[in-house]
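Structural features, examined
Chain by chain, the residues run as shown.
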Number of protein chains: 2
Amino acid sequence: MTAQPTAEPIEGVYLCDHLDLPRLFAPTLDHVPGLRVYAPADVPDPARIRFALAWRPSPRAFDPFTGLSLVQSIASGVDGILSSASLPDQAQVARVRDPGQAHVMAGFAVWHVVWHHRGMGNYVRNAANGEWKRTSFGALVPPSDLTVGVLGYGLMGRTIAEAVAKLGFNVIAASNTDRSGTGAVQVVSGADACQIVAAKADFLINVLPLTDATRGLINADFLDRMKAGAVLIHLGRGEHVIEDDLLAALEQGHIGGASLDVFSTEPLPQDHPFWRHPKVLVTPHEASVLPAAAVVASLQQSLHETQAGLPLSTGVDRRKGY
Amino acid sequence: MTAQPTAEPIEGVYLCDHLDLPRLFAPTLDHVPGLRVYAPADVPDPARIRFALAWRPSPRAFDPFTGLSLVQSIASGVDGILSSASLPDQAQVARVRDPGQAHVMAGFAVWHVVWHHRGMGNYVRNAANGEWKRTSFGALVPPSDLTVGVLGYGLMGRTIAEAVAKLGFNVIAASNTDRSGTGAVQVVSGADACQIVAAKADFLINVLPLTDATRGLINADFLDRMKAGAVLIHLGRGEHVIEDDLLAALEQGHIGGASLDVFSTEPLPQDHPFWRHPKVLVTPHEASVLPAAAVVASLQQSLHETQAGLPLSTGVDRRKGY
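Residues numbered from 1 in each chain as written. Chains lettered and ligands numbered in written order. Predicted model: local features only at pLDDT ≥ 70, side-chain atom pairs only at ≥ 80, totals over all residues. Heavy atoms only, no water.

1. A look at the overall build of chain A
Heads up, the condition is: Secondary structure elements are taken from DSSP: a helix is a run of H or I of four residues or more, a strand is a run of E of two residues or more, and numbering for both begins at the N terminus. Radius of gyration means the value over C-alpha atoms here, while the globule rule gives 2.2 Å times the residue count to the 0.38 power. Contacts between residues were defined by any pair of non-hydrogen atoms, one from each residue, lying within 4.5 Å. To measure how exposed things are, a 1.4 Å probe is used in the Shrake-Rupley method; for residues, cover is taken only from the protein chains shown. When charges are tallied, Lys and Arg are placed among the positive residues and Asp and Glu among the negative ones, while His and the ends of the chain are skipped. Charge coordinates come from a single atom per side chain, which is NZ of Lys, CZ of Arg, CG of Asp or CD of Glu.
What chain A contains, in helices and strands, is ten helices and twelve strands. For chain A, whose C-alpha radius of gyration is 22 Å, the value lies close to the compact-globule estimate of 20 Å for 322 residues. When the backbone C-alpha atoms are referred to their principal axes, chain A occupies close to 80 × 45 × 40 Å. Long-range pairs, those at least 24 residues apart, make up 63% of the contacts in chain A between residues at least 6 apart in sequence. A total accessible area of about 13700 Å² is found for chain A, and carbon and sulfur atoms account for 50% of it. Separation between the mean location of the 25 positive side-chain charges and that of the 31 negative ones in chain A comes to 6 Å.

2. Observations regarding the sheet that holds strand β1 (residues 10–15) of chain A
Residues and elements named next belong to chain A. Under the convention used in this document: By this definition, two strands are paired if DSSP reports at least two bridges between them. As a rule, the C-alpha atoms of each element are fitted with a line to give its axis, helices using only the stretch in contact, and angles between N-to-C directions run from 0 to 180 degrees.
Read from one edge to the other, the open sheet built from five strands follows the order β2-β1-β3-β4-β5, with strand pairing classed as parallel. Strand pairing shows two members of the sheet lacking a second neighbour, β2 (35–38) and β5 (92–94), which therefore form its edges. The mean inter-strand angle of the sheet, taken between neighbouring strand axes irrespective of direction, is 25°. Taken together, the three bridges between strand β4 (residues 70–73) and β5 define a ladder with parallel strand orientation. In the strand pairing of β5, Leu70 is matched with Gln92. Contacts between helix α1 (residues 21–29) and the sheet are confined to β1, β2 and β3 (49–54), with β1 contributing the most and set at about 155° to the helix.

3. Some details on the interface of chain B and chain A
Inclusion rule: The buried area of a pairing is the accessible area, by a 1.4 Å probe, that goes missing from both parts when the two are put together, added over both. Any Lys or Arg side-chain nitrogen located within 4 Å of an Asp or Glu carboxyl oxygen qualifies as a salt bridge. Under the scheme applied, nonpolar residues are Ala, Val, Leu, Ile, Met, Phe, Trp, Tyr, Cys and Pro; charged residues are Asp, Glu, Lys and Arg; polar residues are all the others, including Gly.
Facing 54 residues of chain B, the contacting portion of chain A comprises 54 residues. In this assembly, chain B packs against chain A so that about 4800 Å² is buried in total across both faces, 72% of it on carbon and sulfur atoms. With a shortest N-O distance of 3.9 Å, Glu286(A) and Arg134(B) are connected by a salt bridge. Counting only elements with at least two residues in the side of chain B that touches chain A, the list comes to α3 (99–117), α4 (120–128), α5 (155–165) and β12 (280–282) of chain B. Taken together, the residues of the side of chain B that touches chain A break down into 31 nonpolar, 14 polar and nine charged.

4. Quick notes on helix α6 (residues 193–200) of chain B
Residue and element names in this part refer to chain B. For clarity, the cut-off: Whether a residue is buried, partly exposed or exposed follows from its accessible area with a 1.4 Å probe, protein chains only, as a fraction of its type maximum: under 20%, in between, or over 50%, in that order. This arc is built from the directions going out from the helix axis to the C-beta atoms.
Inspection of α6 places Ala193, Cys194, Val197 and Ala198 among the buried residues, and these make up the whole buried set. For α6, the angular spread of buried residues about the axis comes to 125°, placing them on one side. Those residues of α6 hidden inside the fold are in contact with β6 (147–151), β7 (170–175), β8 (185–189), β9 (203–206) and α7 (220–225).

5. Digging into the relation of the copies chain B and chain A
Convention followed: In superposing the copies, a least-squares fit is computed on C-alpha atoms, taking residues whose pLDDT is at least 70 in both.
Note on the copies: chain B fits chain A at an RMSD of 0.1 Å, the axial shift is 0.0 Å, and the rotation between them is 180°. The operation mapping one copy onto its partner corresponds to a two-fold rotation axis. Taking C-alpha positions as reference, the residue of chain B nearest the rotation axis is Trp111(B), located at 2.5 Å. Most of the interface of chain B is mirrored in chain A, where 100% of its interface residues again form contacts.

6. Description of the packing of aromatic side chains
Let me state the cut-off plainly: Centres within 6.5 Å make a pair out of two Phe, Tyr or Trp rings, where for Trp the six-membered ring is used; the pair is then stacked when the planes are under 30 degrees apart, edge-to-face when over 60, and tilted otherwise.
Evaluation of the coordinates by the stated rule reveals 13 aromatic pairs over all chains. Their ring planes at 20° and their centres at 5.1 Å tell us that Trp111(A) and Trp115(A) sit as a pair that is stacked. Of this pair, Trp111(A) and Trp115(A) both sit in helix α3 (residues 99–117), four residues apart, roughly one helical turn. Across this residue pair, the class does not change: Trp111(A) and Trp115(A) are buried. Put simply, the rings of Trp111(A), Trp115(A), Trp111(B) and Trp115(B) pair up and form one aromatic cluster.

7. With respect to the sheet that holds β6(B)
Residues and elements named next belong to chain B. Ordered in space as β8-β7-β6-β9-β10-β11-β12, the seven strands form an open sheet in which the pairing is parallel. On the outer flanks of this sheet lie β8 and β12, each paired with one strand and no other. Taken pair by pair, the neighbouring strands of this sheet meet at an average axis angle of 15°, ignoring direction. In the sheet, strand β10 (residues 230–234) pairs with strand β11 (residues 255–260) via five bridges, with the strands oriented parallel. Opposite Ala230, over in β11, you have Ile255 as the bridge partner. Its contacts with the sheet put α6 on β6, β7, β8 and β9, and the angle it makes with β7 is roughly 160°.

8. Quick look at the environment of Thr283(B)
Residue and element names in this part refer to chain B. Where we set the bar: Distance and chemistry together define a polar contact, namely a pair of N or O atoms within 3.5 Å, with one atom able to donate a hydrogen and the other to accept it when in protein, and with adjacent residues in sequence counting only for side-chain atoms on both sides.
The topology assignment puts Thr283 in the loop between β12 and α10 (292–308). In sequence terms Thr283 and Leu260 are 23 residues apart; their C-alpha atoms lie 6.2 Å from each other. A polar side-chain atom of Thr283 sits 2.6 Å from a polar atom in the side chain of Asp261.

9. Quick notes on the packing of helix α4 (residues 120–128) of chain A against α3(B)
Helices that pack against each other are described as a pair by the angle of their axes relative to one another and the distance between those axes. Applied cut-off: When describing relative orientation, an angle under 35 degrees is termed roughly parallel and one over 145 degrees roughly antiparallel, while 65 to 115 degrees is termed roughly perpendicular and anything else oblique. Left-handed is the label given to a crossing in which the near helix is rotated counterclockwise from the far helix by less than a right angle, and right-handed is the label when the rotation is clockwise.
In the contact formed by α4(A) and α3(B), the axes pass within 13 Å of each other and the chain directions differ by 60°. When the interaxial angle is binned, α4(A) and α3(B) end up oblique. Along this stretch, α4(A) crosses α3(B), giving a crossing that reads as right-handed. Touching Met120(A), Tyr123(A) and Val124(A) of α4(A) are Phe108(B), Trp111(B), His112(B) and Trp115(B), all from α3(B). Counted by class, the contact of α4(A) with α3(B) contains six nonpolar, one polar and no charged residues.

10. A look at helix α1 (residues 21–29) of chain B
Turning to α1(B), its buried residues are Leu21(B), Leu24(B), Phe25(B), Ala26(B) and Leu29(B). At its buried positions, α1(B) is contacted by β1 (10–15), β2 (35–38), β3 (49–54) and α10 of chain B.

11. Topic: the side chain of His234(A)
With respect to the secondary-structure elements, His234(A) resides in strand β10 (residues 230–234). Look past the residues within four positions of His234(A) in its chain and what remains in contact with it is Asn206(A), His240(A), Val241(A), Ser259(A), Leu260(A), Asp261(A) and Val262(A).

12. Thoughts on the domain arrangement of chain A
Many descriptions give the size of an interface as the accessible area lost when the pieces come together. All names here are of chain A. Our working definition: Throughout, the edges of the domains are those of an automatic or database domain assignment.
Domain boundaries assigned for chain A yield domain 1 (10–98 + 290–307) and domain 2 (99–282). The C-alpha-based centres of domain 1 and domain 2 are spaced at 32 Å. Counting residues at the interface gives nine residues for domain 1, matched by ten residues for domain 2. Buried area between domain 1 and domain 2, both sides added, is near 790 Å², and the carbon and sulfur share of it is 41%.

13. Here's the deal with the pattern of salt bridges
Summed over all chains, the structure comprises 23 salt bridges over all chains. The closest approach of N and O atoms between Lys166(B) and Glu162(A), which form a salt bridge, is 3.4 Å. A residue pair is termed interchain when its members come from two chains, as with Lys166(B) in the loop between α5 and β7 and Glu162(A) in helix α5 (residues 155–165). Lys166(B) gets classed as partly exposed once you look at its relative accessible area, which sits at 30%.

Structural data, given as structure tokens:
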């Protein structure tokens, strides 16, 4: 009996300055046969690194790794990877596209629609004070008289739109590509799709990817076209919103409320007026949370496809930005 | 030209000690031709009263109205009407069955599922303190690993079940009658249906009607059969729950949390421990709120059917209790 030749493990590196990726993923990745993933400081030979598991890598993070063929995002957004100056041209970029994550995002989005629609914050506050105070009776606008707009109609946007439709709201979604809606969801595409949807929405949910076309989209002009009293539920990227414009629209009362999960500076600084605004609910960029297992499964799929020379099933078009 | 004979208006009475029904409904009802609805003290001739618009009438409320043929509930529950000692045998009882109300209820139910699943209370509290604190990352159980149980599978239960299923949870519902589920919803019927569903649920939503069979259903034994750490979302009737048993199960930690909208005594007394329990969120019996227009439309439909000798489309089986 001869010993089987041991295949060399494929080597990878964690690249992120903001999250402790080894803590999050090593417990799972260390059990995957044939892989070895290092923190940058522990890499024995940078030239042997074939893939990176990354989130918001620093501008020069990729420099040492000249043999990189795959950069796997730990999330569905890849703007923080594509914007790294050192991202090598030859590397393919993959994102995570997980139905479970879309469901978690949809639950979060729906929760904020109901938070604003029903004034749930009043109930939470009254409960804390032991106060029985009926507030909705006779004063509630029925969902069938309200429209929820969704900006973005990929897996996330579609899952959100369908969940909201099940609560009786009218739903209209903006898609970058020419898609048709499913059942209760109306889809608008084309250059002005986001503006058209925004003008019709009582609740506007943003789950766009961050690209050159969407950066700064939600500015004074955009907010101005929204319905008086409309609510913004912002789960995309901080850079979509000109925050001072949003603050002004909230102060004027033209925007009736907001749920904000992402910001141009994260963590949102403690003295930022969003924290204290009575119509704003701030959450710490946790609208969707990926289980580590889903990220690892996505990495394995991408590695398999890279090695087999197949197109990546969750590959990113670097020019489009998603 | 002869004057058209003017038909006598049909006369009705508001019967409720708890809500100011004339304030809620007169603005709509006063514009309906052919109807005249009085507060009890203003009724000119009790014998001419043909219908009552009622919610929790007092035990002797029906006594003066000997010619009553219809009692229209302002809500989908009729237990407070059927339990009135003076409800005349000859009167038919109708409830409201409004898809809009079911949607509002579903939004409320879904909100509480996400409240507990995502620990949204932490975000709300941290936001009030201006604290950016990520809590879910890597620690969230995906919806696909969790089961939501729904007790009751009429219009309300079905609407809730379908909305929750769209968020990726497994859904199982208990029906009193032999029904089949739709797509993602598994339906259990039969005598033990509620117990079977309760034993499988991580989140258990109660929207049963109050009947002799469901009074006191959620007692120590029932809670004991639930999964350790399960959450109760109670939107039915206060009398479904033995409140001391629930409190004990919460204290022991066997029940991991609760959202309670209905109570054996309403308003819930200020010194009740439910208010202060950290795992309990109390709301003031407003899970579903009917727009006045839907109640009025239901009344008109019931009156039309009564006068035409047709079976009531939302008629109540007084023996079954719903």
